[in-house]
Amino acid sequence: MATEKKPVVDRRDFLKVLGISGAAATLAGCGNTSIESGVEKVQSYVQPEDFVVPGNSVFYASTCTQCQSNCGIMGRVREGRVLKLEGNPNSIISKGKICGLGQASIQVQYNPDRLTTPMIRDGESLVPATWDQAIKVINQGLGKDSQISGDEIIFLTNGVSGHQKVLIDNFLESYNSKNHIAYEALSNRVGETVRENLYGYSNPVQKVKDAKLIVSFGNDFLGSGVSPVFMATQYAQFRKAPRGTLIQIEPRMTLTGGNADRWYPIRPGTEGVFALGLANALVQHPEYDKTVPEELKLALKAYDKYTVGEITGINPDAIGHVVAMMWEKSPTLVLSGATAEGHKQGYQNAYAIELLNVILGNVGKTVTPPTENPFPQMNPINASYQSLVNLDNQLNTKKTKAMLIMGVNPIYTGPSFVDIKNKFKNVSLKIAMVTQLDETAEMCDVVLPLLSPVEEFGTHVASYQPEGIEISIQQPLMEKLHPHTKSFGDVLLVLLKERDPKNYSKYPDYYSYIREAVVKSKPVFKSSMTDDEFWDSALMNGVLHVPPKEAEFTKIKLNTADLPKAENKPLDVNYPFYFVPSIKADLRDGKHANLPWLQESPDPMTTVVWDSWVEIHPKTAEEMQIREGDILEVKSSMGSLMAKAYLFPGIQPNTISIPFGQGHSSYGRYANNRGVNPFKIINPITDEKTGELALFATRVQIIKTGNKEKVVKDEGPTTLQQGRKLVVTMAADQAELSKEV
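Bear in mind the structure is a predicted one, so any value in this text is a computation, not a measurement. (Residues numbered from 1 in each chain as written. Predicted model: local features only at pLDDT ≥ 70, side-chain atom pairs only at ≥ 80, totals over all residues. Heavy atoms only, no water.)

Before we go on, may I ask you to explain the overall build of the chain in this structure?
When you go through the chain residue by residue, the secondary structure sums to 25 helices and 25 strands. Taking 741 residues into account, the globule formula puts the C-alpha radius of gyration at 27 Å, and the chain, at 27 Å, falls close to it. The principal-axis extents of the C-alpha atoms in the chain amount to approximately 90 × 65 × 60 Å. Residue burial in the chain is summarised as follows: out of 741 residues, 56% are buried. Sequence-distant contacts in the chain: of pairs separated by 6 or more residues, those separated by 24 or more amount to 74%. Averaging the coordinates of the 77 positive side-chain charges in the chain and doing the same for the 82 negative ones gives two points 0 Å apart. (Helix = DSSP H or I, 4+ residues; strand = E, 2+ residues; numbered from the N terminus. Rg over C-alpha atoms; globule rule 2.2 N^0.38 Å. Buried < 20%, exposed > 50% of the residue type's maximum accessible area, 1.4 Å probe, protein only. Contact = heavy atoms within 4.5 Å. Lys, Arg positive; Asp, Glu negative; His and termini not counted. Charge placed at Lys NZ, Arg CZ, Asp CG, Glu CD.)

How do you make sense of the sheet that holds strand β9 (residues 213-217) when you look at a structure like this?
Two pairing modes exist for strands in a sheet, parallel and antiparallel, and in both the strands are linked by backbone hydrogen bonds. If you walk across this open sheet you meet the four strands as β11-β10-β9-β12, and the pairing is parallel. Here the strands that pair on one side only, and so sit at the sheet edges, are β11 (262-265) and β12 (332-336). Between one strand axis and the next, the sheet turns by 10° as a mean value, whatever way the strands run. Pairing geometry for β9 and strand β10 (residues 245-250), over five bridges, is parallel. Across the sheet, residue serine 216 finds its bridge partner in β10, namely glutamine 248. (Pairing = 2+ DSSP bridges. Axes fitted to C-alpha atoms, helices over the stretch in contact; angles between N-to-C directions.)

So what exactly am I meant to see when it comes to the environment of leucine 388 here?
Take leucine 388: it is sitting in helix α16 (residues 386-397). Overall, leucine 388 belongs to the buried group, its relative accessible area being 1%. For the pair leucine 388 and alanine 185, spaced 203 residues apart in sequence, the C-alpha separation works out to 8.7 Å. Sequence-distant contacts of leucine 388, defined by excluding residues within four places in its chain, comprise Tyr183, Pro410, Gly414, Pro415, Val418 and Ile420.

Explain the packing of helix α6 (residues 162-173) against helix α19 (residues 488-499) to me, please; I cannot follow it from the model alone.
When two helices pack together, you describe them by how their axes are tilted relative to each other and by the distance separating the axes. Look at α6 against α19: their axes get within 10 Å of each other, and the N-to-C directions meet at 20°. In this view, α6 runs roughly parallel relative to α19, as classed from their interaxial angle. α19 is crossed by α6, and the crossing has left-handed handedness. Between α6, through Gln164, Leu167, Ile168, Asn170 and Phe171, and α19, the contact on the second element is made entirely by Phe488, Gly489, Leu492, Leu493, Leu495 and Leu496. Its residues placed into classes, the contact of α6 with α19 shows eight nonpolar, three polar and no charged. (Parallel < 35°, antiparallel > 145°, perpendicular 65-115°, else oblique. Left-handed = near helix turned anticlockwise from the far one by under 90°. Nonpolar A, V, L, I, M, F, W, Y, C, P; charged D, E, K, R; others polar.)

Mind showing me how you'd approach helix α8 (residues 228-238) here?
An α-helix turns once per 3.6 residues; consequently, residues spaced three or four apart project the same way. With eight of eleven residues buried, α8 is to be regarded as a mostly interior element. Restricting attention to buried positions, one finds in α8 the residues Pro228, Val229, Phe230, Met231, Thr233, Gln234, Tyr235 and Phe238.

Looking at this structure, how should I read the nonpolar core?
When a protein is soluble and globular, its nonpolar side chains tend to lie buried together. Among the nonpolar cores identified, the biggest contains 67 residues, and Ile214, Phe217, Ile249, Phe274, Leu278, Met326 and Leu356 are the most heavily contacted of them. Top contributing element to this core by residue count: helix α15 (residues 346-359), with nine residues. Those residues within four positions of isoleucine 214 in sequence are excluded, and the remaining contacts are Val208, Phe221, Phe238, Thr245, Leu246, Ile247, Leu333 and Leu335. Judged by nonpolar contacts, the second largest core, of 54 residues, contains Ile135, Ile469, Tyr510 and Ala538. (Core = buried A, V, L, I, M, F, W, Y, C linked by side-chain atoms within 4.5 Å.)

Can you walk me through the pairing of strand β17 (residues 458-461) in this structure?
Looking along a regular strand, one sees side chains alternate from face to face of the sheet. Residue alternation in β17 divides its side chains into two sets, Gly458 and His460 and Thr459 and Val461, and both sets are buried. Relative to strand β18 (residues 469-474), β17 is paired through four bridges, and the arrangement is antiparallel. Bridging across to β18, glycine 458 finds its partner in glutamine 474.

Would you mind showing me how to read the packing of helix α10 (residues 271-283) against helix α12 (residues 305-312) here?
Running from amino to carboxyl end, α10 crosses α12 at an angle of 165°, the nearest separation of the two axes being 9 Å. The angle between α10 and α12 falls in the class roughly antiparallel. In this structure, the crossing between α10 and α12 has a hand that is left-handed. On α12, the residues that touch Val273, Phe274 and Gly277 of α10 are Val308, Ile311 and Thr312. Grouping the amino acids of the contact of α10 with α12 by side-chain chemistry returns four nonpolar, two polar and no charged.

Which parts of the structure should I look at to understand unusual backbone geometry?
The general pattern is negative phi for most residues beyond glycine and trans for most peptide bonds. Cis rather than trans, the peptide bond between alanine 241 and proline 242 has omega equal to -5°. Mapped onto the elements, proline 242 comes out in the loop between α8 and β10. In this structure, proline 331 follows serine 330 across a cis peptide bond, with omega equal to 5°. Mapped onto the elements of the fold, proline 331 is located in the loop between α13 (317-328) and β12. The residue lysine 398 is not glycine, and still its phi comes out positive at about 60°. Structurally, lysine 398 is set in the loop between α16 and β14 (402-406).

How should I be thinking about the sheet that holds strand β20 (residues 577-579) in this particular structure?
Taken in spatial order, the six strands line up as β21-β23-β22-β25-β20-β24 in an open sheet, and their pairing is mixed. Where the open sheet ends on each side, the last strands, each with one partner, are β21 (613-616) and β24 (655-656). As defined by bridge partners, strand β22 (residues 630-636) adjoins strand β25 (residues 698-708) across five bridges and the pair is classed as antiparallel. Its bridge partner being in β25, glutamate 633 is matched across the sheet by isoleucine 703.

Hey, could you run me through the side chain of aspartate 289 in this one?
Inspection of the secondary structure assignment puts aspartate 289 in the loop between α10 and α11 (294-300). Once residues lying within four places of it in the same chain are set aside, the contact partners of aspartate 289 are Val283 and Lys297.

Teacher, can you tell me more about the environment of tryptophan 597 here?
Mapped onto the fold, tryptophan 597 is located in helix α23 (residues 596-600). Judged by relative accessible area, which is 45%, tryptophan 597 ranks as partly exposed. In sequence terms tryptophan 597 and serine 105 are 492 residues apart; their C-alpha atoms lie 9.4 Å from each other. In this structure, tryptophan 597 is in contact with Gln103, Ala104, Ile106 and Gln107, ignoring residues within four places of it in sequence.

Is there a simple way to think about the pairing of strand β4 (residues 119-122) in this case?
The pairing of β4 with strand β5 (residues 125-128) spans four bridges and is classified as antiparallel. Pairing of aspartate 122 across the sheet is with serine 125, part of β5. The loop that links β4 with its antiparallel partner β5 comprises two residues; one of these, glycine 123, has a positive phi angle of about 70°. Judged from the two bridges that link them, β4 and strand β16 (residues 446-449) form a sheet pairing that is antiparallel. Paired with methionine 119 across the two strands is valine 447, which belongs to β16.

Where do I start with the packing of aromatic side chains in this structure?
We describe a pair of aromatic rings using the distance from one ring centre to the other and the angle between the two ring planes. Inspection of every chain in the model, using the stated rule, returns 18 aromatic pairs. Here the basic side chain of lysine 486 rests over the ring of tryptophan 131, its NZ or CZ set 4.5 Å away from the ring centre. Over the ring of tyrosine 175 we find arginine 499, and its NZ or CZ is 3.8 Å from the ring centre. (Phe/Tyr/Trp six-rings, centres within 6.5 Å; stacked < 30°, edge-to-face > 60°. Lys NZ or Arg CZ within 6 Å of the ring centre and 35° of its normal.)

Just checking my understanding: could you explain the pattern of salt bridges for this structure?
Side-chain pairs of opposite charge can arise where the charged atoms are in close proximity. By the definition in use, this model includes 24 salt bridges. Two residues, aspartate 210 and lysine 209, come together in a salt bridge whose shortest N-O distance is 3.2 Å. Residue classification places lysine 209 among the partly exposed positions, given a relative accessible area of 35%. Note that aspartate 392 and lysine 423 form a salt bridge whose closest N and O atoms lie 2.7 Å from each other. Taken together, the residues aspartate 392 in helix α16 and lysine 423 in helix α18 (residues 420-423) connect sequence positions 31 residues apart. Per residue, the accessibility class of aspartate 392 equals that of lysine 423, and both read buried. (Salt bridge = Lys/Arg side-chain N within 4 Å of Asp/Glu carboxyl O.)

This is the structure in structure tokens:
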């Protein structure tokens, strides 16, 4: 019998394959040799007998992939089925907690609309196929004999990290390509760019618990922020004695605004002007007058409180009140958020807000440098709206021959003025990898069914790392439900083996690849355990930690050219209302609208469920004779939507809002034909500096249709008495409370 010759892999290729080069490459000096030393017979980690303990639950650590926070979780498994998720106490990010979005991820697993077999295009429709048939179609375009190279191939994803990102980059490199496009509809790139230019880090650590006063400009850090579970834990400590104070400034009240001690409604897009009004008042005080250059100090004089009040719509006296609190409650922390950054001058707004941290001396105290990741290849790729523009430009050239898509749905989230849908026809081979068909997957030629997040292995690195570096380990919590589904890593390995058998034929599956990569990184963690012990420990804990290192900011650049203009914007008589869509903590950009728990979960500010609605201030509604449930047409220059009116006092009188997340046409029974999609009426306005879409700069008009429907809300039980007088109530002014207590 002939024996198969084992390919030889050199050290450089080995490190690149495993995504542990760079700073971590020093591990080669610690006794690790060639890739052959890690060869083993690999069996599935999930063995039924481990789970089947009748009547008893078993807990396994893994990672939540519902958002970019990558919280550590524990899955409760009984009789081989995962029943519930909890936070992993070993995780620095989740600290044993979990949010509603994370809890609902279990419904991805049991969703009746999951894709269970590959599908390939037959004329105008997709038809079920076997994996062999699907791979055959893919190999015809991308196999070992393919001549595709460079920008002729596109890999379109969200802000993927860990070894998924490493494999994608290595896959593209086999085509001499670096065309990895990362698209994020609700991108944070404006604020990240400001902080990168100002501090040298896009995501510095913001120490909420160490502040005595937080002034937040539209940063919904308790709801849809960058790491809401970690921030909620920090916020709980911030509220302990001596209790910290939170001031929230935004045009539409968010979940964080609802928790604030003071909430100031502000005219959309003028947040930077208000921040400079505060800065101007601060530098008049001797304690702060030397914190900025004289040139900048002179420029700030244009932002006196009366000018600022007229532009922002906030009472001029508010500046004095906020500045007085800043003097009294040090250290402070000033946060910039989505609604401040999503404008034509979004960069300038965020810059003015971060300038307050510099003046108040927060840099180095409540704003500190993050720890450097020893595995830079695993860092999340920067995802942005500009990537969609890049994709649009490439599709325009008609040179793209193949496109692979995972984790994004640009046909749903793309604004109507970016016509991605029709330009898909310019690509001859489009491959989507999903757990469920969506609007983008339906346009593809091959659709591959992926395992759910609780069925597969993986590693992840969150973009926001508050304490050192946490590498999150994802492992299956149960056997896969559907036999013809595969993990994203396994699909990539199959494709890579066609292109690069020398480096990848040694890995029978993604599990063996992940295990090898994790074990070979052991020297960085200075562990004395054996390889098996280290791997088992990583799975048991669900995380690997690189401890925080002391560092200082070396780059604080102040520039008067980046200040927002102190000028009133002219009224638009055709479109008199500002349009500020809200970002729900659960549905986000609509990716989670297929999960019924999240549809059923009441919006925390309005209690509306299973629908879209138009928030309008009660005074504005009274002037226009609008009542709750009236069907309104909201019209911008790009199109119109119709939804029911909801009278909401937590919004600027000249502003209206519709939540993102609904309005799907092809995303399963729980999402289809439900509500409206605000992305489709966003105007083509972008941030002047970064080119990111100005999500909150659209102007609209409201048209009453004359129709009316009941707004469906979940306000809790209203018939607790069950028709009987179980509890007697009386008005508070009639009760003698001193005797009642």
